[in-house]
Amino acid sequence: MPRFTDATTDDATGPLGSDPSRAQYRLTVRRPAIAEGHPTRPVSSESGGVRRGRTATTASVALPEGKTALVHAAILRWDRQQGRDLPWRRTRDPYAILVAEAMLQQTQVDRVRPKWEAFLQAFPTLRALAEAARADVIRAWAGLGYNRRAVSLHEIARTVVDAGGDTLPSSVEALRALPGIGPYTAGAIACFAFGLPEAVLDTNVRRVLDRIFAVEAASGVPADRHGWAMARAALPAGADVYDWNQALMDLGATICVARAPRCGACPVRESCAAVANVETSPTMSGPTPLPGLEGLTRVAESRATYRPESPKRVAERFEGSRRWFRGRAVAALRGLPEGATIAVDALGPLVDPDYKASSRRTWLLELLGDLARDGLVVVNGEGDASVARLA
């Protein structure tokens, strides 16, 4: 089943931690209890002095309460003054937030803004999206890339509406039961749309929390499980969770960036473990640091006491890659009149300028087969008699 994913690769087959057994979706859900000991809430240790976040699989993180309170106050104060004004933050409509979260995966904010507004004009409700033709949804996705996200959104809408609903469920558990929704997207919708005290964990949030607290994962605990436990442990009181999650993402996107963090402009530089525990490089131009921190405007992530992100692989040349050809195939089919088909050998030159039927038809049919399995196109016929159209 097609899905958009919380992972970061185009060919990921499902959301982070996805389980095919969850394909059965039930509309009737219970709101999670907001009580001490709920597995998705941070709970306080009775011994005092630390905050612990636990998952259902017993991963736990202890954060010093005094430092955590200072960090909360500083980051929330900074966000009230410096937080980004994004259109999807002005709504609590779960459907509009779902669309934004799907678009923001793999796509920059500035490209998403106009496309998000246009998509909601075309499909203003979850039901409108469910009742739309798949081809129309794919056409509306033009310009965003990673077209499988459009298919996944359509599948989610149809799943909810077919079950008799008109809106998304509120709990993380019920959201995760929908096709293609991973833990980040589920947490984001539960928090940003329904106001539930759920953590979110994306690359920015993980980086910020890793640098501030520098808490090592327990032996044998996978990095993702540890990251979620830390995100839950760091949650503030319920009323501030929405602002906290947005603030962490803003801080990671604008100040605590991966390769050249602007420590001189960071609201928690005096509490950040990374400032004390990593090598520093010469000061870069930018905001003036606090006294005594002049050499810390850029942090070089190197010491073992702070776990840096894995070095990025050398990027594959996009032009000529399989993803490039996939995009060209969808774009060519998107340009056909509604319901029209095109012969495979007529489509070939639109996908590959050097297309030759004798040597590339089999390759093109395999490419179209992949797109068909992802729910993006329909291919009928065989060999040179094959024709294709948008799904």
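The shown structure was predicted, so the numbers you read here are calculated from the model rather than taken from an experiment.

Draft legend 1. Highlighting the overall build of the protein. On a plain count of helices and strands, the protein comes out with 15 helices and 6 strands. Out of the 391 residues belonging to the protein, those deemed buried represent 48%. Excluding contacts between residues fewer than 6 apart, the proportion of contacts in the protein whose partners are at least 24 apart in sequence is 65%.

Draft legend 2. Broad picture of the pairing of strand E6 (residues 387-390). Inspection of the sheet shows strand E4 (residues 342-343) paired to E6 by 2 bridges, in the antiparallel sense. Within E6, the residue paired with isoleucine 342 across the bridge is alanine 388. Two elements, strand E5 (residues 377-380) and E6, share 4 bridges in a ladder whose sense is antiparallel. Paired with valine 377 across the strands is leucine 390, a residue of E6.

Draft legend 3. How the structure looks around the nonpolar core. In terms of nonpolar packing, the biggest core is built from 77 residues, with Ile75, Trp116, Phe119, Leu168, Leu209 and Trp244 touching the most fellow members. Counting residues per element, this core draws most heavily on helix H2 (residues 94-104), which supplies 8 residues. Dropping the residues within four chain positions of it, leucine 168 is found in contact with Pro94, Tyr95, Leu98, Leu126, Ile156, Val160, Leu175, Leu178, Ile189 and Phe194. Residues Ala329, Leu333, Leu368 and Leu371 belong to the second largest nonpolar core, which totals 24 residues.

Draft legend 4. Expanded view of the sheet that holds E4. Taken in spatial order, the 3 strands of this open sheet run E4-E6-E5, and their pairing is antiparallel. Both edges of this open sheet fall to E4 and E5, since each of them pairs with a single strand only.

Draft legend 5. Main features of the packing of helix H1 (residues 65-82) against helix H11 (residues 241-254). Following both chains from N to C, one finds H1 and H11 inclined at 75 degrees, their axes separated by 9 Å at the closest point. Here H1 lies roughly perpendicular to H11, going by the angle between them. Along its contact with H1, which presents Val71, His72, Ile75, Leu76, Trp78 and Asp79, the element H11 presents Asp243, Trp244, Gln246, Ala247, Leu248, Asp250, Leu251 and Thr254. A per-class count over the contact of H1 with H11 returns 8 nonpolar, 3 polar and 3 charged.

Draft legend 6. Inspection of the packing of aromatic side chains at higher detail. In the structure shown here, the tally under the stated rule is 6 aromatic pairs. For the ring pair tryptophan 88 and tryptophan 116, a centre distance of 5.7 Å and an interplane angle of 75 degrees mean the geometry is edge-to-face. Pair noted here: tryptophan 88 is in the loop between H1 and H2 and tryptophan 116 is in helix H3 (residues 109-122), with a separation of 28 residues, a long-range link. Take tryptophan 88: its relative accessible area is 8%, and that puts it in the buried class.

Draft legend 7. A look at the pattern of salt bridges. Taken as a whole, this structure holds 15 salt bridges when the rule is applied. For the salt bridge of arginine 90 with aspartate 85, the shortest nitrogen-to-oxygen distance reads 3.2 Å. Of the two residues, arginine 90 and aspartate 85, both sit in the exposed class.

The rules behind these values
- Residues numbered from 1 in each chain as written.
- Predicted model: local features only at pLDDT ≥ 70, side-chain atom pairs only at ≥ 80, totals over all residues.
- Heavy atoms only, no water.
- Helix = DSSP H or I, 4+ residues; strand = E, 2+ residues; numbered from the N terminus.
- Buried < 20%, exposed > 50% of the residue type's maximum accessible area, 1.4 Å probe, protein only.
- Contact = heavy atoms within 4.5 Å.
- Pairing = 2+ DSSP bridges.
- Core = buried A, V, L, I, M, F, W, Y, C linked by side-chain atoms within 4.5 Å.
- Axes fitted to C-alpha atoms, helices over the stretch in contact; angles between N-to-C directions.
- Parallel < 35°, antiparallel > 145°, perpendicular 65-115°, else oblique.
- Nonpolar A, V, L, I, M, F, W, Y, C, P; charged D, E, K, R; others polar.
- Phe/Tyr/Trp six-rings, centres within 6.5 Å; stacked < 30°, edge-to-face > 60°.
- Salt bridge = Lys/Arg side-chain N within 4 Å of Asp/Glu carboxyl O.

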